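# Report on the structure
One letter stands for each residue in the lines below.
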Amino acid sequence: MAKTKPVQPSTAANPQTNPMWGGHYAHGPAEAFAAINPSISFDWQLYQQDITASLAHCAMLGAQKIITAAEAQQIEAGLKTILTEIESGDFEFKTALEDIHMNIESRLAEIIGDTAGKLHTARSRNDQVATDFRLYVRDSLDAMDGLLQLLQAALLTRAQQHAATIMPGFTHLQPAQPITLGHHLMAYVEMFGRDRDRLHDARTRVNMCPLGAAALAGTSFQINRTMTATTLGFDAPMTNSLDAVADRDFVLEPLAAFSLCALHLSRLAEELILWSTPMFGFVRLPETFTSGSSIMPQKRNPDAAELIRGKTGRIIGSSNSLMITLKALPLAYNKDTQEDKEPFSMPAAN
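Residues numbered from 1 in each chain as written. Predicted model: local features only at pLDDT ≥ 70, side-chain atom pairs only at ≥ 80, totals over all residues. Heavy atoms only, no water.

Glancing now at the packing of helix α7 (residues 181–206) against helix α10 (residues 249–275). Where α7 meets α10, the axes come as close as 8 Å, and the angle between the chain directions of the two elements is 170°. Comparing the axis directions of α7 and α10 gives the class roughly antiparallel. When the axes of α7 and α10 are compared, the crossing they make is left-handed. When grouped by side-chain class, the residues that make up the contact of α7 with α10 number 16 nonpolar, two polar and seven charged. (Axes fitted to C-alpha atoms, helices over the stretch in contact; angles between N-to-C directions. Helix = DSSP H or I, 4+ residues; strand = E, 2+ residues; numbered from the N terminus. Parallel < 35°, antiparallel > 145°, perpendicular 65-115°, else oblique. Left-handed = near helix turned anticlockwise from the far one by under 90°. Nonpolar A, V, L, I, M, F, W, Y, C, P; charged D, E, K, R; others polar.)

Right, dumping it as structure tokens:
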């Protein structure tokens with residue numbers, strides 16, 4: 001996901017009904033509902049995935065002659081303009097437009113006019129958000145795998161440096177048998193290797209394309225789902241349209257894998273905390289990853305390791321909260337699934 005400065009969405013009230021879905025509504029949303037319904041405060045972070053998926057959908061519509069080549073080119077140019085605006089910080093995210101999809105489509109209409117509406121042909125926000133989020137989760141898995149690989153490499157380097165450094169091995173936190181520090185560190189290399197295996201395994205199930213499922217039962221337009229799936233780097237289209245828009249196990253499984261990884265990180269952090277105490281005296285943590293005390297100048301507190309240990313609860317809690325959200329939802333799509341993004345490290349802008 002491209003780096004960009006988080007944008008605080010506009011919170012201006014909108015007394016009108018939403019033009020994307022409320023044409024038959026006589027009144028706009030109640031103030032209380034308007035406060036909880038929008039998701040733009042966090043799902044703006046899907047902007048890159050949303051534009052990428054829209055470009056693939058547009059190309060498919062053009063190839064299938066559902067829209068003309070000129071219309072496809074016009075839509076593509078408009079989407080690329082919007083991407084530039086967002087990444088340069090010149091895009092206004094509007095709460096009244098609810099989510100990232102409608103914010104982008106509204107801006108596209110401002111740029112290219114009525115042709116913008118044709119982008120939504122043969123597509124619903126239901127399959128659109130499922131596709132965007134799968135792309136986001138896939139990007140996150142790849143990024144996490146890269147970070148774990150770097151961690152393994154760092155641990156391996158230290159293990160090699162201390163292949164002959166003798167230390168006590170513990171059971172029940174009691175000295176048991178002599179081992180080497182290298183041997184001890186290699187245990188974590190193995191743990192993080194299994195964590196990476198779980199990420200790779202989860203990725204295979206994440207990497208399926210929901211586009212074409214539309215709201216829940218597909219579309220009568222003669223679309224080419226294989227084309228959009230291939231363009232977006234998915235292994236294949238999803239086989240059941242209700243499943244494609246309704247389930248969020250593609251979020252839960254990575255969260256479970258992240259939770260296990262966090263447990264391993266927490267165990268390593270706990271050992272560094274213990275080892276840095278005067279009672280153990282095995283290691284001395286650098287000043288750059290510790291803090292001092294305002295009244296006890298001798299202190300070197302292992303704050304970085306403590307924060308790693310502490311944040312493990314947040315990651316496990318995110319997994320549990322989403323599981324509870326999904327446990328009783330009937331097929332197909334429900335607005336409850338809007339709660340799938342914030343647990344996946346997408347905090348609200350405010």
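Another aspect to go through is the environment of V129. Mapped onto the secondary structure, V129 falls in helix α6 (residues 125–161). Sequence spacing of V129 and L242 is 113 residues, and the spatial spacing of their C-alpha atoms is 14 Å. Leave out the neighbours within four places in its chain, and V129 touches H101, R248 and K341. (Contact = heavy atoms within 4.5 Å.)

Here the focus is the nonpolar core. The biggest cluster of nonpolar side chains holds 51 residues, and the ones touching the most others in it are I75, L108, F133, V137, V251 and F344. Sorting the residues of this core by element identifies α3 (47–63), α4 (69–87), α5 (100–112), α6, α7, α10 and α11 (303–326) as the ones contributing at least two each. The dominant element in this core, judged by the number of residues it contributes, is α10, at nine residues. When neighbours within four sequence positions are excluded, V137 is seen to be in contact with V206, F250, V251, P254 and F344. (Core = buried A, V, L, I, M, F, W, Y, C linked by side-chain atoms within 4.5 Å. Buried < 20%, exposed > 50% of the residue type's maximum accessible area, 1.4 Å probe, protein only.)

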